[in-house]
Amino acid sequence: MIHVRKTLVVAGHGMVGHRFVLAAIERGLTETYDIVVVGEEARPAYDRVALTSFFEVGAEALSYLPDGSYEDPRVRLLTGTQVTGIDRDARQVTLDNGDVQAYDALVLATGAAPFVPPVPGHDLDNVFVYRTIEDLEAIREASKSAKAGAVIGGGLLGLEAANALHQLGVQTHVVELAPRLMAVQIDDAGGRTLTRHVEQLGLTVHCGVMTELIDAGADGKVDSLKFKDRDEPLDVDMVVFSAGIRPRDALARDCGLAVAERGGILVDEQMRTSDDRIYAIGECAAPGGQMYGLVAPGYSMAEVAVDALLGGPGTFTGADMSTKLKLLGVDVASFGDAFAGTEGALELVFADAVAGVYKKLVVSNDGKRLLGGILVGDASAYGVLRPMVASGMELPENPEELILPASTGSGAGVTLPDEAQICSCNDVTKGEIVAVVADGQADDVAGVKACTNAGTTCGSCVPVVKRLIEDHFASIGREIDRTICEHFPLSRQELFDVVAVHGYRSFDQIIEAHGSGRGCDICKPAVASILASQFNEHVLGRNTAALQDTNDAYLANLQKNGSYSVVPRIPGGEITPEKLIVIGEVARDFGLYTKITGGQRIDLFGARMEQLPAIWQRLVAAGFESGHAYGKSLRTVKSCVGSTWCRFGVQDSVGMAIELELRYRGLRSPHKLKGGVSGCARECAEARGKDFGVIATEKGWNLYVCGNGGMVPAHAQLLAGDVDSETLIRYLDRFLMYYIRTADRLQRTSTWLDSIDGGLDRVREIVVDDALGLGAELEAEMARHVGSYVDEWRATIEDPEKLARFVSFVNAPDVPDANISFEVERDQIKPQLSSEPVTLGSHIPVGAPTA
Amino acid sequence: MSDWQQICRVDDLERERGVTALVHGQAVAIFRTHDDQVYALGNYDPFAHASVLARGIIGTRGDVPFVASPMHKQAFDLRTGVCLDDDSVSVPAYDVKVVDGTILVGPRKASTLA
Ligand code: SRM
Ligand SMILES: Cc1cc2nc3c(=O)[nH]c(=O)nc-3n(C[C@H](O)[C@H](O)[C@H](O)COP(=O)(O)OP(=O)(O)OC[C@H]3O[C@@H](n4cnc5c(N)ncnc54)[C@H](O)[C@@H]3O)c2cc1C
Ligand code: SF4
Ligand code: FES
């Protein structure tokens, strides 16, 4: 039998088209089909749900396919190309570049377009919609010269757009035809509470008004809005329409496929259109006549379509339309039968006008089942309530406790059934989450995300995922052990606080008061690091010397044969020829292997412990100081050459890198810290691969945090944009101290960020907005560090007591340890290991057997 | 008796920190614990093949005093030299006595011979 490969064309590369391709690859559809994806936008699919964060993170961070192609070579992606027609008889589509593409199967995933009502003036300059990255780019551009703007439409998306406009510095009005905001999702009382919140953010809300005209000024640009039955026009210089969406079903209409009455391509339960070679999925489709303006139903449709193409039985029978608003500062959620449309449904309402909280539960008339609800001002219970609706589980005795402030508000103590869908974006049930935890595939949120996709889209289910993990561990008696080791019943953070509160200065004091035993290789270095962060005493001081980890104990890095490496600090990677010569001379005179490190400095290897003081004597005399390559502390702040020399540079990146490296040198932290500063967006210093990265902009600096290279690389994310040098340092002081205070032992900034409820937004609230009022305190702590810094190596060579530790043998200080030996490779030394201890003398006798 | 070699004064040692001594030509790690007990183990870490144990952190696991190798953190019982993470591996342990404040290292403890 001849196997002829078939061709499948996907029209539209948006969220759902992309999900379709992923599922097709994963489930083996590409074994029989070559897939051609035709997308009209200039770039591959991106996370439209997170569109607003484009202003912060840029286009690349939103992209689902930053490389521009799928790993499976049988999938070809054409971006910037539109499908202009379908010829069903010839089974081919025409493209706007003139090409014709034949298909055996066609999947329409053309999404939806914003609806722009035909108000006179809707086609003026400075009138926008809010759907694509290009739309946002244009809005940002216009906002630069705009003073006031209006968003027409007070629904979910309108509010999001309004908030974005507001954050761009435009005085923002929300204009809504309906008598309240989010009319589709919430009721009047909830709407009033929401309006108060939105106004507190600094926006102006106009409900129940109809826009009649968008008027232009002399320059042909928007100038004001005129409303029906209102004399006063509203002066604005830009307008964003967010008045709903319409399915993009024109291709289907033009070739005679059946469409739904209110728009959308009619499909059956397997996503087949009236032509059974053509499927439609996502926002352009209308299963059973209804279109769905959310991504989760679109994803289900994509999975069902792949299944159908593989001959499977999957069907799509409707979807949960629950929503949670991502507006910063205002929690709004609406789920299930929010309007009590079910026969006999009862409503339980809790409202606190002062606190701005409105919560409503809709329950069945026997009071046994939760049907839906609305939460405004505090939506913390959403994660638990929504799955309760979906699973139809029986309500607890006093359902009102689920929304009363006295309870934890998150429905603690309610046990969800296994089938309860926890992540609606990715259709993951409680059972699936618990299963990956139970069989050891994951033991934290990050692990569950990796195994199941739960929590990777809108993130609203993350708190529940976290609780499920903890509950599971509790149920099998595994303490969610955050205690640092057997000697302390405390986490690192708690230990940090205990030390700060009591002002302890030694390990003995701490273990006597709060621990047991004599400590170990885990808690001792942790205590040493905490003491160093708080008091910045010398690491080889009386109180702390015996606590230090291998490298700190000798202020150098232990190598495989017991010798050490020496890394002098070269701030920002800038070094004079004289200093370079000194390093060369020292290396030559002590016979050390010399290498340029990955951190823009020079490492000298093969020093014997007893040689370290003499080596450092020479280096310190030449003006070098410790590079802390051995410490869990600041390593380097890498720089690019920057505006001083580079023809692209917009700021002095070397100067800034040096300033930051000198400021934070010696800062002891839960894990090592690295920084980078680039002089422009070309990013030659790879700053976004660092715990803190600074990238120059025309106006100042962008500050990125929580990146790293290493085992699990992570890109740093934007914490603050376009700040001046002083603000940059203030934010960095706060950020670093907050990390040092709250991270676990050996937790780098990126994993620390993953562990924080609320993630980067939370960190920004604390660092930038100073929401906890901690700012001044964190800055003062950093100032104390900066003020008390001394070079550890200089202090060591000046102190006989510390120097006394650097001997090979207590009883024979002049004899080198024969176990350390070298051979030569490429003109330099390299370690030689022996499989037995090397002895210089006779054997030590063996004593009589002990009884 | 020549089997016992004089090393240094107890007071020369910091508590809970090790030093290396040259005993009959071999590198021996000497440790003074918080309760002033003195222990001696071979300095050679059999996992890392390097002479480094004296530079490890000391502590307790339950009641067992141990040193963690600075190289890859395996723990060795200060009394017997047995590795607490893999009891098929051990380093030699030596008898130690303190006479008039001076540390003497004696023969290898027989119980630690494989
Ligand atoms: C010397 C150097 C390699 C080189 O020859 O270039 C090096 C050497 C070591 N690295 Fe590194 N890393 C060196 C740059 C890097 C870089 C590149 C950079 O800094 O730009 C990275 C990736 C960036 C990052 O850290 O995010 C890097 C990621 C690691 C990691 C993985 C960290 C992680 O979060 O996954 C470790 C392991 C650890 O720290 O737990 C590590 C650990 C080590 C240790 C400390 C391993 C050890 O415990 O012995 C090595 C000690 C070197 C020594 O004895 O002196 N090294 N290491 C580089 C020293 C740079 C410097 O001047 O200070
Ligand atoms: C700001 C914003 C916030 C949102 N927030 C949420 C949220 O919190 N939760 C939620 O569930 N949903 C949210 N949504 C909705 C969500 O983004 C959509 O449901 C989802 O993108 C639909 O996916 P889709 O693939 O069907 O459509 P799209 O993602 O729009 O993709 C369709 C693609 O097809 C292309 N296309 C159209 N016609 C053609 C043609 N003829 N030829 C080639 N290509 C074509 C389009 O250019 C587009 O790239 C939000 C949307 C926006 C704009
Ligand atoms: S990041 Fe920009 S300023 Fe720095 S070296 Fe590269 S191109 Fe030049
Ligand atoms: S519910 Fe959106 S990511 Fe889980």
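Nothing here was measured: the structure is a model prediction, and the numbers come from that model.

## Points about the site of ligand 3
So, point 1. In the vicinity of ligand 3, the contacting residues are Cys640(A), Val641(A), Gly642(A), Cys646(A), Phe648(A), Gly649(A), Ser678(A), Gly679(A), Cys680(A), Arg682(A), Glu683(A) and Cys684(A).
So, point 2. Each residue belonging to the shell around ligand 3 can be placed in one class, and the counts come to six nonpolar, four polar and two charged.

## Details of the sheet that holds strand E19 (residues 278-280) of chain A
All names here are of chain A.
So, point 1. What the five strands build is an open sheet, ordered E3-E2-E1-E7-E19; its pairing is parallel. Two strands bound the open sheet, and with one partner strand each, they are strand E3 (75-78) and E19. Adjacent strand axes in the sheet meet at a mean angle of 15 degrees, parallel and antiparallel pairs treated alike.
So, point 2. Relative to strand E7 (residues 105-108), strand E1 (residues 6-11) runs parallel, the two being bridged by four bridges. By the bridge assignment, Val 10 is partnered in E7 with Val 107.
So, point 3. On top of the sheet, helix H1 (residues 15-26) reaches E1, strand E2 (33-38), E3 and E7; it is set at about 155 degrees to E1, its chief contact.
So, point 4. On top of the sheet, helix H7 (residues 295-309) reaches E1, E2, E7 and E19; it is set at about 160 degrees to E19, its chief contact.

## A closer look at a negative patch on the surface
So, point 1. A surface patch of like charges, here negative, comprises Asp125(A), Asp219(A), Asp223(A), Asp231(A), Glu232(A) and Asp235(A).
So, point 2. We classify Glu232(A) as exposed; its relative accessible area is 62%.

## Description of the packing of aromatic side chains
Residue and element names in this part refer to chain A.
So, point 1. Inspection of the entire model under this criterion finds 14 aromatic pairs over all chains.
So, point 2. Aromatic pair Phe 335 and Tyr 382: ring centres 5.9 Å apart, planes at 65 degrees, arrangement edge-to-face. With Phe 335 in strand E22 (residues 332-336) and Tyr 382 in helix H8 (residues 382-391), this residue pair connects regions lying 47 residues apart in the sequence.
So, point 3. The buried category is assigned to Phe 335, whose relative accessible area is 0%.
So, point 4. On the accessibility criterion, Tyr 382 (4% relative accessible area) is buried.
So, point 5. For the ring pair Tyr 593 and Phe 605, a centre distance of 5.6 Å and an interplane angle of 55 degrees mean the geometry is tilted. Linking Tyr 593 in strand E30 (residues 593-596) with Phe 605 in strand E31 (residues 602-607), this pair joins segments that are 12 residues apart in sequence.
So, point 6. When its relative accessible area of 26% is taken as the criterion, Tyr 593 is described as partly exposed.

## Some points on the sheet that holds strand E11 (residues 171-176) of chain A
Residue and element names in this part refer to chain A.
So, point 1. In space, the five strands of this open sheet follow the order E9-E16-E10-E11-E12, with parallel pairing throughout. The strands lining the two open edges of the sheet, one partner per strand, are strand E9 (127-129) and strand E12 (204-207). Taking the axes of each pair of neighbouring strands and ignoring which way they run, one obtains an average angle of 20 degrees across the sheet.
So, point 2. Taken together, the four bridges between E11 and E12 define a ladder with parallel strand orientation.

## Describing the site of ligand 1
Residues and elements named next belong to chain A.
So, point 1. Residues in contact with ligand 1 amount to 18 residues; listed here are only the nearest, Gln 559, Thr 597, Gly 598, Arg 601 and Gly 709.
So, point 2. Within the contact set of ligand 1, an oxygen atom lies 3.0 Å away from a side-chain nitrogen or oxygen of Asp 603.
So, point 3. Here an oxygen atom of ligand 1 and a side-chain polar atom of Lys 672 are 2.8 Å apart.
So, point 4. Grouping the constituent residues of the shell around ligand 1 by class yields one nonpolar, 10 polar and seven charged.

## As for the packing of helix H19 (residues 725-742) of chain A against helix H21 (residues 759-767) of chain A
Residue and element names in this part refer to chain A.
So, point 1. Contact pair H19 / H21: the axes reach a minimum separation of 10 Å and the direction vectors enclose 120 degrees. The angle between H19 and H21 places the two elements in the oblique class. H21 is crossed by H19, and the crossing has right-handed handedness. Across the interface between the two elements, Tyr 731, Arg 734, Phe 735 and Tyr 738 from H19 touch Val 763, Ile 766 and Val 767 from H21.
So, point 2. The residue inventory of the contact of H19 with H21, partitioned by class, reads six nonpolar, no polar and one charged.

## Here we look at the packing of helix H18 (residues 653-664) of chain A against H19(A)
Residue and element names in this part refer to chain A.
So, point 1. One way to put it is that H18 packs onto H19 with a least axis distance of 12 Å and a crossing angle of 35 degrees. Viewed along their axes, H18 and H19 form a crossing whose handedness is right-handed. The residues of H19 that touch H18, namely those facing Met 656, Glu 659, Leu 660, Arg 663 and Tyr 664, are Ser 725, Leu 728, Ile 729, Leu 732, Asp 733 and Leu 736.
So, point 2. Grouping the constituent residues of the contact of H18 with H19 by class yields seven nonpolar, one polar and three charged.

## Focus: the environment of Ile422(A)
Residues and elements named next belong to chain A.
So, point 1. Note on placement: Ile 422 falls in strand E26 (residues 421-423).
So, point 2. A C-alpha to C-alpha distance of 9.6 Å links Ile 422 and Ser 460, two positions 38 residues apart in sequence.
So, point 3. Residues contacting Ile 422, with those up to four places away along its chain left out, are Arg 386, Pro 387, Leu 416, Val 428, Thr 429, Lys 430, Ile 433, Cys 461, Val 464, Val 465 and Leu 468.

## A look at the interface of chain B and chain A
So, point 1. Contact with chain B, which involves 46 residues of that partner, is made by 52 residues of chain A.
So, point 2. When the two sides are added together, the surface that chain B and chain A hide from each other amounts to roughly 3700 Å², 57% of it contributed by carbon and sulfur.
So, point 3. Among the residues chain B hides against chain A, the three largest losses belong to Arg17(B), Arg55(B) and Ile57(B). Together they make up 20% of the total.
So, point 4. Counting the contacts that link chain B with chain A gives four salt bridges.
So, point 5. With a closest N to O distance of 2.8 Å, Lys73(B) and Asp549(A) form a salt bridge.
So, point 6. Our enumeration of links across chain B and chain A arrives at 17 residue pairs in polar contact (both at pLDDT 80 or more).
So, point 7. Element by element, the count of residues in the side of chain B that touches chain A is highest for strand E2 (residues 17-23) of chain B, at six residues.
So, point 8. Tallied by class, residues from the side of chain B that touches chain A come to 22 nonpolar, 15 polar and nine charged.

## What to know about the pattern of salt bridges
So, point 1. A full pass over the atoms with the stated rule returns 47 salt bridges over all chains.
So, point 2. Two residues, Glu16(B) and Arg518(A), come together in a salt bridge whose shortest N-O distance is 2.7 Å. Residue Glu16(B) is found in the loop between strand E1 (5-9) and E2, and its partner Arg518(A) is found in the loop between helix H13 (507-514) and helix H14 (523-535); the two belong to separate chains. Residue Glu16(B) shares its accessibility class with Arg518(A), and that shared class is buried.
So, point 3. One network of salt bridges, in which partners are shared, links Asp508(A), Arg518(A), Lys524(A) and Glu16(B).

The rules behind each value
- Residues numbered from 1 in each chain as written.
- Chains lettered and ligands numbered in written order.
- Predicted model: local features only at pLDDT ≥ 70, side-chain atom pairs only at ≥ 80, totals over all residues.
- Heavy atoms only, no water.
- Near = heavy atom within 4 Å.
- Nonpolar A, V, L, I, M, F, W, Y, C, P; charged D, E, K, R; others polar.
- Pairing = 2+ DSSP bridges.
- Helix = DSSP H or I, 4+ residues; strand = E, 2+ residues; numbered from the N terminus.
- Axes fitted to C-alpha atoms, helices over the stretch in contact; angles between N-to-C directions.
- Contact = heavy atoms within 4.5 Å.
- Patch = residues over 30% accessible without salt bridge, like charges linked within 9 Å, V, L, I, M, F, W, Y side chains within 5 Å.
- Areas by Shrake-Rupley, 256 points an atom, 1.4 Å probe, with all protein chains shown as cover.
- Salt bridge = Lys/Arg side-chain N within 4 Å of Asp/Glu carboxyl O.
- Lys, Arg positive; Asp, Glu negative; His and termini not counted.
- Charge placed at Lys NZ, Arg CZ, Asp CG, Glu CD.
- Buried < 20%, exposed > 50% of the residue type's maximum accessible area, 1.4 Å probe, protein only.
- Phe/Tyr/Trp six-rings, centres within 6.5 Å; stacked < 30°, edge-to-face > 60°.
- Polar contact = N/O pair within 3.5 Å; in protein donor to acceptor, adjacent residues only side chain to side chain.
- Parallel < 35°, antiparallel > 145°, perpendicular 65-115°, else oblique.
- Left-handed = near helix turned anticlockwise from the far one by under 90°.
- Buried area = accessible area lost by both parts, 1.4 Å probe.

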